[in-house]
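An overview of the molecular structure
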Amino acid sequence: MIDLAEDSRSHPLLRLGAQPIALTAAALLLLIAGVTSIAIWRAYTGAVPEPDRVVASRQLQARTAQASEQLVEKTKGLEATQQESIDQLQVVQDQLQTMKRLMAAQQADTKRLSEQVTTLNESIDNLRQSFASARATEVETPSVTRRKPARHQASVRKRGKSRS
C-alpha cells in the first residue's frame, strides 16, 4: 500500500480527481460568469444579433425578390424587342425578295426591248439601203413619162365642164 500513496503524491491530477464536487463547482461558476458577462455586454451595447440577422435576412430577401422582378421585366422587354426586330427583319426580307423579283422582271423587259430596238435598227438600216439602191437605179435609168389613157382624160374633161 505504500506504493499507492507514492503514486498519488507524484501525480497532481490524481489528487484533483479526489475532489470532483469542487472541480464541478468551479467549472459551473466559470460558465455562469461567462454567460452573465455576455448578457451584460448585449444589454449595455443594445446589440442583439438575432433580430438584426432576421431583419437583415428579410431585407436581403426583399432586395432579391425586387431584383428578380426587375430581371423578369427586363427579360420580357427584351423578348418583346427581339420579337419586333424579328418581325421587322421578316418584312425587310419580304421586301427584298419582292425587289429582286421586280428587278429580274425589269431586266428581262430591258433585254427584250433592247433586242426589239436592235431588230428595228436593223430593219431601218435595211430600208435605207434598199431606198438608196432604188434611188441609184432611178438615176441610172432614164425616166419614162407615161401617158394617161384616153378614157381617163375624157372623164376628167367631163367633170371639169359640169362644175363650171
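Owing to the predicted nature of the structure, the values given are computational and were not obtained by experimental measurement.

This brings us to the overall build of the protein. Secondary structure summary: the protein contains five helices and zero strands in total. Tracing the protein from N to C terminus, the helices and strands come up as α-α-α-α-α. Surface summary for the protein: the accessible area is close to 15,900 Å², and the carbon and sulfur share equals 61%.

Our focus in this paragraph is the pattern of salt bridges. Per the stated rule, a full pass over the model turns up one salt bridge. When the shortest N-O distance is used, the salt bridge between D109 and R112 registers 3.7 Å. Of this pair, D109 and R112 both sit in helix α4 (residues 49–140), three residues apart, which is roughly one turn of the helix. Given the relative accessible area of 40%, R112 is considered partly exposed.

Now for helix α3 (residues 20–45). Over its 26 residues, α3 runs 38 Å from end to end, which matches the ideal 38 Å to within 8%, given 1.5 Å per residue. One or two steps after α3, the chain reaches G46, where phi turns positive at roughly 75°.

Further remarks concern the confidence of the model for the protein. With 71% of its residues at a pLDDT of 70 or more, the protein shows a mean pLDDT of 82. Mean pLDDT values over the elements of the protein span from 52, in helix α1 (residues 2–10), up to 92, in α4.

What counts, and at which threshold
Residues numbered from 1 in each chain as written. Predicted model: local features only at pLDDT ≥ 70, side-chain atom pairs only at ≥ 80, totals over all residues. Heavy atoms only, no water. Helix = DSSP H or I, 4+ residues; strand = E, 2+ residues; numbered from the N terminus. Areas by Shrake-Rupley, 256 points an atom, 1.4 Å probe, with all protein chains shown as cover. Salt bridge = Lys/Arg side-chain N within 4 Å of Asp/Glu carboxyl O. Buried < 20%, exposed > 50% of the residue type's maximum accessible area, 1.4 Å probe, protein only. Expected span 1.5 Å × (residues − 1). pLDDT = per-residue confidence, 0-100.

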